[in-house]
Amino acid sequence: MSDWYAMNVVLIQTTLTTLLLALSIQVPIRFGVFSFAGVGAFGIGGYTAAIAMVHLGWTTWPSVALGAVLAGVVVFALGLVVQRLTGLYMGMATIAFTLIVSVVAVNGGELTGGPGGLFGALGEIDTGHILAVVVVVVAVLVWTEAKGMGRRVDTVREDPELATAMGIDVARYRLASFAISGVIGGLAGAITTLLRSTITPAEVNFHMVVLALTAIIVGGARSWLGAFIGAVIFVWLPTVISFVQEWEKVVYGFLVAVAAIYLPNGVLGLIKDLVHRLRTRQERARMAVLQEKG
Amino acid sequence: MAESAVGRQTALLAMEDVAVHFGGVKAVDGITLEMYEGNIYGVIGPNGSGKSTLLGAMTRLTPSTRGRFLLDGKDYTRVPARNVHRMGISRTFQTVRLLDDRSVRDNILLGLDALPKQTRKETAMQVDEVMERVGVREVAQLRPDELSYGMQRRVEFARAIIGRPRLLLLDEPTAGMNTAERKEIGKLMRQLCDEGITQFIVEHDVEMMVETCDYLFAMNVGKLIAEGEPQDVVRHPAVQEAYLGKGAAADA
Amino acid sequence: MQDLLNVVTLGSIYLLFALGMALVWGTIGILNFAHGATFMFSAFVGHLVTRETELPFLPVVAVSVLVGAAIAALTQLLAFQPILKRSKNQHAAEMRILIGGIGVAAIPLALAQHQTRSSPFGFNSSYDAEVMDVFGLRLTTTSAVIIVSGLAIGIGLTVWVRRSRQGLALRAIGVDAETAAGMGVNRTALAFGTMATAGALAGLAGALLTFQLGAIAPETGDQLLIKAFAIIVLGGLGSMAGTVIGAYVLAGAETLVLNLNYGTWVDAVSFGLIFLILLARPQGLLGRKEVRRT
């Protein structure tokens, strides 16, 4: 076990940080907000943490906290500005926001290190620390998925008008999703950066949006567990199948397209459907009888 | 009966000169009406006469262009739509709008979500009772897409009544149901009415409306053309003309 | 004045690229995220073909146009059509089409990156651009072709969508798909044709830009995608004339920023424009207000 851990420590850490990034995109989508601002939050969190360490001489965790808080605040403010946009417009406005973050980083001079990025921000982070952060984040998300809260979130996403008619404050839920997405994205960026000691503007790009989307679309967009499944598939598949390694991006593109067409709820959705069908066999039989009578 | 109550008590719901315009289209144009507690009201009218829009405006989900809405004499025209449910006005929709990934039970519970918290036990009893009443208890764990259309409508009905609203707005509650199911729902409406839930129904089926309602409104092109006892309203010349003019005489 | 000419050339390239996207999005409601990849891969196939045999100008362009049309048609057939068939409402379909498009786009991009090791590629053509002197301004033949075809196709499409029967049918779909179906419009066939046309335009833009610059990188398509979105939003969704104007406005604004020595901020222009327009005038300069009743 410990040998296996030692050999794969980087992959394990990458799985966890990828999970955080994926969650920062998944949360708004689950709330019916097509926002990619989580990737911008990744950039803000990463840069803030690195700046705090390099320029201000802060220690690891205050830097991470500052990155997460600032990312949360900025993305929440973005939410206030763009909340009236719908669907695709929201998606594109938030992609634009994310790309602006990287343009600002390029032009940040000494503070951000310009196009070359910022170096030497090596934090003291081990797998246990990341795991602790992930557990806290997941605990919060489990709460938003459970029972009544999960039902209200589902309604806000699937049918905002119905949600309003049922007395749910749709705008408040959506704004909250911006803040949560910002904090989680900021955490992902800060931890990833301090783990690797560097961040560059080129990282905060469209490819990262694709990466995060891949994980949640393939895994499942409705639950943190889906994002986890996606992150595991995404990080470990290349190590298991060498064909995947060489044609990595082709395989992911293919997986995303296939999932979008055939598995809108991802692998997790498929599993849940199966479980549901098994559990309700009797009821469905009764229903069939009812319908014949009717 | 409705008219005996007029003038004695405050109307449960009153509308004064309400209009809803979409751009140049006057979907609802200057409607004034009152509804009193303990009755079943219905509105009939040809397709596109503004019935559903009127219902939408009462819930404030559809913004009105002018006019006032009063509940118990209190103006709620400026209350946000999300607070109307809490005030005791509940509704169903013309098309089935259920959460596909959630069980029947969960879908019904949505009707309680924004209302004051109760204990878990109370909630469970309430949802069981309401499922029993509308006849979906047997399929509580199934998802809407595994149910027949009529069943789905019952789930919607259950979601609308579980919070025991004071005013229940029903948009074509029996569309897609067979005759037996219609009878059943009609009976349920009467029971609910006896329990003090005032109802406002939008329907095409004039026959059923005459049977079920205590008081009828008739609409055409956004305006009220008649109101009163169901039998009288149906025979009203303006109503006859509205239906015959649209070539829908068979309905009436 | 030379600047103005450069703006017109740049704007015409943007226009050729954006027209296809605008056509598809404004009519059949599909925001095709694979448009950039289609653009790039058409030029890439041109590159592969000319690596075997040297070809003159027109055959290279023809190859790219055909490849572009083929890729777009395949995307429609294999991805978007199945998604539309499986989605229960327009809102859900929009999201899945966007995600599916991102997946589809990753495939040609990865293939080209794999082949070229992410370095720029060009054509091996017998064509050599000549420099002409027009009223004292320097104008290459390639620029002339780009300007003329950009304007001609832009204006042509504007008129066609406004006047012709198919154009009317397309606009009907753009406004209200259900009514259009009631009018007997064959949505599937029209969508297929529209996508192929858009793909052909992407191929044309790809070939012309490669001739103009000498070489393009596999990632060029992605950058243009965001710019095209800015252009469409600026002009107003559903308005072809708006797209024409938007393309030149964006080119002008970018050139201005460049000339003011803020070169590293150029990309922020389109992102910033997206933001400003979406917030200040969501229907764009010439767009119709969305008349949608739910």
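Data block above holds the structure.
Scoring rules and cut-offs
Residues numbered from 1 in each chain as written. Chains lettered and ligands numbered in written order. Predicted model: local features only at pLDDT ≥ 70, side-chain atom pairs only at ≥ 80, totals over all residues. Heavy atoms only, no water. Helix = DSSP H or I, 4+ residues; strand = E, 2+ residues; numbered from the N terminus. Rg over C-alpha atoms; globule rule 2.2 N^0.38 Å. Buried < 20%, exposed > 50% of the residue type's maximum accessible area, 1.4 Å probe, protein only. Contact = heavy atoms within 4.5 Å. Areas by Shrake-Rupley, 256 points an atom, 1.4 Å probe, with all protein chains shown as cover. Lys, Arg positive; Asp, Glu negative; His and termini not counted. Charge placed at Lys NZ, Arg CZ, Asp CG, Glu CD. Pairing = 2+ DSSP bridges. Buried area = accessible area lost by both parts, 1.4 Å probe. Salt bridge = Lys/Arg side-chain N within 4 Å of Asp/Glu carboxyl O. Polar contact = N/O pair within 3.5 Å; in protein donor to acceptor, adjacent residues only side chain to side chain. Nonpolar A, V, L, I, M, F, W, Y, C, P; charged D, E, K, R; others polar. Core = buried A, V, L, I, M, F, W, Y, C linked by side-chain atoms within 4.5 Å.

## Digging into the overall build of chain A
Point 1. In terms of regular secondary structure, chain A is built from 14 helices and two strands.
Point 2. Here chain A has a C-alpha radius of gyration of 20 Å; the compact-globule value for 294 residues is 19 Å, and the two agree.
Point 3. Buried residues in chain A amount to 58% of all 294 residues.
Point 4. Across chain A, contacts joining residues at least 24 apart in sequence account for 78% of those joining residues at least 6 apart.
Point 5. On chain A, roughly 12,000 Å² of surface is accessible, and the fraction owed to carbon and sulfur atoms is 68%.
Point 6. Put simply, chain A has 18 plus and 16 minus side-chain charges, and the middle of one group is 12 Å from the middle of the other.

## A look at the sheet that holds strand β2 (residues 25-35) of chain B
All names here are of chain B.
Point 1. Reading across the sheet, the four strands line up as β2-β1-β4-β5 and stay open at both edges, with antiparallel pairing between neighbours. One side of each edge strand has no neighbouring strand; the edge strands of this open sheet are β2 and β5 (74-75).
Point 2. Where strand β4 (residues 66-71) lies against β5, two bridges are found, and the strand directions are antiparallel. Bridge assignment links L71 to a residue of β5, and that residue is K74.

## Side note on the interface of chain A and chain B
Point 1. The interface of chain A with chain B comprises 33 residues on the first partner and 29 residues on the second.
Point 2. Between chain A and chain B the total buried area reaches about 2,800 Å² when both faces are included, carbon and sulfur atoms providing 53% of it.
Point 3. Across the contact surface, chain A and chain B share ten salt bridges.
Point 4. Among the salt bridges present, the one from R151(A) reaches D106(B), with a minimum N-O distance of 2.9 Å.
Point 5. There are twelve residue pairs in polar contact (both at pLDDT 80 or more) connecting chain A and chain B.
Point 6. Mapped by element, the contributors of at least two residues to the side of chain A that touches chain B are α6 (147-158), α7 (160-165), α13 (266-279) and α14 (281-293) of chain A.
Point 7. Here the side of chain A that touches chain B is built from residues that sort into six nonpolar, ten polar and 17 charged.

## Overview of the environment of G199(C)
Residue and element names in this part refer to chain C.
Point 1. Summarising the element assignment, G199 is placed in helix α8 (residues 187-213).
Point 2. Under the relative-accessibility criterion, G199 is labelled buried at 2%.
Point 3. It is 8.0 Å that separates the C-alpha atoms of G199 and V67, two residues lying 132 residues apart in sequence.
Point 4. Discounting residues that sit within four places of it in the chain, G199 has contacts with T38, G68, A69 and A72.

## Details of the interface of chain C and chain A
Point 1. The interface is formed by 40 residues belonging to chain C together with 38 residues belonging to chain A.
Point 2. Buried area between chain C and chain A, summed over both chains or domains, comes out near 3,600 Å², and the portion from carbon and sulfur atoms is 80%.
Point 3. Of all residues in chain C, I99(C), F271(C) and F275(C) give up the largest surface area on contact with chain A, accounting jointly for 16% of the area buried on that side.
Point 4. Counting every contact that joins chain C to chain A gives five residue pairs in polar contact (both at pLDDT 80 or more).
Point 5. Residue assignment for the side of chain C that touches chain A shows that the elements contributing at least two residues are α3 (57-86), α4 (90-116), α9 (220-235) and α11 (266-280) of chain C.
Point 6. Among the elements that make up the side of chain C that touches chain A, the one with the highest residue count is α4(C) (15 residues).

## Some thoughts on the nonpolar core
One broad trend across soluble globular proteins is that nonpolar side chains are buried collectively.
Point 1. Ranked by size, the top nonpolar core spans 188 residues in total, and within it L31(C), F33(C) and F39(C) carry the most contacts.
Point 2. Sorting elements by how many residues they give to this core places helix α1 (residues 2-28) of chain C first, with 14 residues.
Point 3. Non-local contacts of L31(C), meaning those with residues more than four positions away in its chain, are made with L88(A), M92(A), M21(C), W25(C), I97(C), L98(C) and F229(C).
Point 4. Residues L188(B), A226(B), V233(B) and V239(B) belong to the second largest nonpolar core, which totals 46 residues.

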